[in-house]
Amino acid sequence: QVQLVESGGGLVQAGGSLRLSCTASGNIFSLSTMGWYRQAPGKERELVARMSPGRSINYADSVKGRFTISRDNAKNTVYLQMDGLKPEDTANYYCNLHRVRVTTDEDYWGQGTRVTVSA
């Protein structure tokens, strides 16, 4: 069982920055795609950014050029640097670990960290 612990959320003014961190337990981090998702009130959870084991990256169009995902396999940690924050970035942000297996893929989620951007 993998546990994901997120940190770094908070309240920031529009145009400001935050860095989210997510540390995973266990020994499958380097084999897994790590992603950040977010869910705003009344909306569905959406992908923000993800990085494969080979460091291929995908970003949501809404965050391209403002957010940067990175990972440190030695620390079992994935980061999300968020710059140029906008009020519409306000949401709960969730870390995801996804591992492709031969039979059933594995997915683990963090508890979420709240990001609030004031206008």
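This is a predicted model, so every value here is computed, not measured.

A. Looking closely at the pattern of salt bridges. Scanning the model with the defined rule gives six salt bridges in all. Across the salt bridge formed by Arg38 and Glu46, the nearest N and O atoms sit 2.7 Å from each other. Owing to a relative accessible area of 6%, Arg38 belongs among the buried residues under this scheme. Given the relative accessible area of 36%, Glu46 is considered partly exposed. Taking the shortest distance from any N to any O, the salt bridge between Arg99 and Glu106 comes out at 3.8 Å. Among the residues examined, Arg99 registers a relative accessible area of 19% and is labelled buried. For Glu106, a relative accessible area of 17% puts it in the buried group. When salt bridges that share partners are traced, they join Arg38, Glu46, Arg66 and Asp89 into one network.

B. Looking closely at the side chain of Ser21. Position of Ser21 relative to the elements: it lies in strand 3 (residues 18-24). In this structure Ser21 touches Val5, Glu6, Ser7, Trp36, Thr77, Val78 and Tyr79, once residues within four positions along its chain are discounted.

C. Summary view of the nonpolar core. Among the nonpolar cores identified, the biggest contains 29 residues, and Leu4, Trp36, Leu80, Met82 and Tyr93 are the most heavily contacted of them. Elements represented by at least two residues in this core include exactly strand 3, strand 4 (33-39), strand 5 (46-51), strand 7 (67-72), strand 8 (77-82), strand 9 (91-99) and strand 11 (113-118). With residues up to four places along the chain from it excluded, the contact list for Tyr93 reads Glu6, Leu20, Trp36, Tyr37, Arg38, Val48, Phe67, Leu80, Met82, Gly112, Thr113 and Val115.

D. Region of interest: the environment of Lys75. One can find Lys75 in the loop between strand 7 and strand 8. By relative accessible area, Lys75 is classed as exposed at 54%. C-alpha separation for the pair Lys75 and Ser25, spaced 50 residues apart in sequence, amounts to 9.9 Å.

E. Up close: the packing of aromatic side chains. For the structure on display, the rule yields one aromatic pair. Note on Tyr37 and Trp109: the rings are 5.0 Å apart at their centroids and 65 degrees apart in plane angle, and the pair reads as edge-to-face. With Tyr37 in strand 4 and Trp109 in strand 10 (residues 106-109), the pair connects residues that are 72 residues apart, well separated along the chain. By relative accessible area, which is 38% here, Trp109 ends up partly exposed. Sitting over the face of the ring of Trp109, Arg45 holds its NZ or CZ atom 4.6 Å from the ring centroid.

F. Structural detail: the sheet that holds strand 8. Reading across from one edge, 1-3-8-7 is the order of the four strands in this open sheet, with antiparallel pairing throughout. Either end of the sheet is taken by a strand with one partner, and the two such strands are strand 1 (4-7) and strand 7. Strand-to-strand twist of the sheet, defined as the mean angle between neighbouring strand axes without regard to direction, takes the value 15 degrees. For strand 1 and strand 3, the ladder comprises four bridges, and the chain directions are antiparallel. Among the inter-strand pairings, Leu4 is bridged to a residue of strand 3, identified as Ala24.

Procedures and definitions
- Residue indices begin from 1 for each chain and proceed along its sequence in written order.
- Only residues with pLDDT of at least 70 get local features here, since the model is predicted, and only at 80 or more are side-chain atom pairs given and counted; chain-wide, interface and lining totals rely on the full set of residues.
- With hydrogens and water set aside, each side-chain value is computed from the structure's full complement of heavy atoms.
- We define a salt bridge as a side-chain nitrogen of Lys or Arg found within 4 Å of a carboxyl oxygen belonging to Asp or Glu.
- Burial status follows relative accessibility: with a 1.4 Å probe on protein chains alone, a residue under 20% of its type maximum counts as buried, one over 50% as exposed, and anything between as partly exposed.
- Only DSSP runs of H or I covering at least 4 residues are called helices, and only runs of E covering at least 2 are called strands; the numbering of each starts at the N terminus.
- Only heavy atoms enter the contact rule, under which two residues are in contact if any of them lie within 4.5 Å.
- We call a set of buried residues a nonpolar core when its members are Ala, Val, Leu, Ile, Met, Phe, Trp, Tyr or Cys and they connect through side-chain atoms within 4.5 Å of each other.
- In summary, the pairing rule links any two rings of Phe, Tyr or Trp, Trp by its six-membered ring, whose centres are within 6.5 Å, and it sorts them by plane angle into stacked for under 30 degrees, edge-to-face for over 60 and tilted for everything else.
- We call a charge positioned over a ring when the NZ of a Lys or the CZ of an Arg lies within 6 Å of the ring centre and within 35 degrees of the ring normal.
- At least two DSSP bridges between two strands are required for those strands to pair.
- Each axis is a line fitted through C-alpha atoms, taken for helices only over the stretch in contact, and angles between the N-to-C directions span 0 to 180 degrees.

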